[in-house]
Amino acid sequence: MSKLNKLPVFKETVYLILDGEASHREEAEFMKFIATSRWHREYFENEKQLHTLIQKSIERQPMPFNLQELIQSQVQEEYNKNTEEEKVRNNK
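What counts as what
Residues numbered from 1 in each chain as written. Predicted model: local features only at pLDDT ≥ 70, side-chain atom pairs only at ≥ 80, totals over all residues. Heavy atoms only, no water. Helix = DSSP H or I, 4+ residues; strand = E, 2+ residues; numbered from the N terminus. Rg over C-alpha atoms; globule rule 2.2 N^0.38 Å. Contact = heavy atoms within 4.5 Å. pLDDT = per-residue confidence, 0-100. Core = buried A, V, L, I, M, F, W, Y, C linked by side-chain atoms within 4.5 Å. Buried < 20%, exposed > 50% of the residue type's maximum accessible area, 1.4 Å probe, protein only.

Trainee: Would you take a moment to explain the overall build of the protein chain for this structure?
Mentor: The helix and strand tally for the protein chain stands at 4 helices and 0 strands. Taken from the N to the C terminus, the helices and strands of the protein chain come in the order α-α-α-α. Whereas a compact globule of 92 residues would reach a radius of gyration of roughly 12 Å, the protein chain reaches 21 Å, over 25% beyond that. Contacts in the protein chain between residues far apart in sequence, at least 24 positions, make up 60% of those at least 6 positions apart.

Trainee: What am I meant to see in the environment of Trp-39 here?
Mentor: Secondary-structure assignment places Trp-39 in helix α3 (residues 38-57). Residues Trp-39 and Leu-18, spaced 21 residues apart in sequence, show a C-alpha to C-alpha distance of 18 Å.

Trainee: Honestly, the environment of Met-31 in this entry has me stumped. Any pointers?
Mentor: Relative to the elements of secondary structure, Met-31 occurs in helix α2 (residues 24-34). Taking C-alpha positions, Met-31 is 43 Å from Gln-76, a pair spaced 45 residues apart along the chain.

Trainee: So what exactly am I meant to see when it comes to the confidence of the model for the protein chain here?
Mentor: Note that predicted coordinates carrying low pLDDT should not be read in detail. Averaged over all residues, the pLDDT of the protein chain is 90; the fraction at 70 or higher stands at 98%. Confidence scores differ between elements of the protein chain, with helix α4 (residues 67-91) showing the lowest mean pLDDT of 89 and α2 the highest of 95.

Trainee: Which parts of the structure should I look at to understand the nonpolar core?
Mentor: Nonpolar side chains tend toward joint burial in soluble globular proteins. Leu-4, Phe-10, Val-14, Ile-17, Leu-18, Ala-22, Phe-30, Phe-33, Ile-34, Tyr-43 and Phe-44 form the largest nonpolar core, which has 11 residues in total. When residues of this core are traced back to their parent elements, those giving at least two are α1 (7-18), α2 and α3. No other element matches α1, which puts 4 residues into this core. When residues no more than four places from it in sequence are discounted, the contact partners of Phe-33 are Ser-2, Leu-4, Asn-5, Phe-10 and His-40.

See the structure below:
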């Protein structure tokens, strides 16, 4: 029995394929699986259409030149905040 029979696994595989993150083996196994099930095939086709529609409707924006620094700074702020909160909890 294919692990794709389990709905969470099936849905995760759908999104991996749509995002181009599935391996060739996973994609081949998936296509073979949906060929045997009308419901799974229709679900995949609906998600594929929605995925395409969303991609076409998203306006592409240039990446900020300092994106890496912005992310690192936010991560550092969150880390500092969590460290301070942990120190307060440990001192109680």
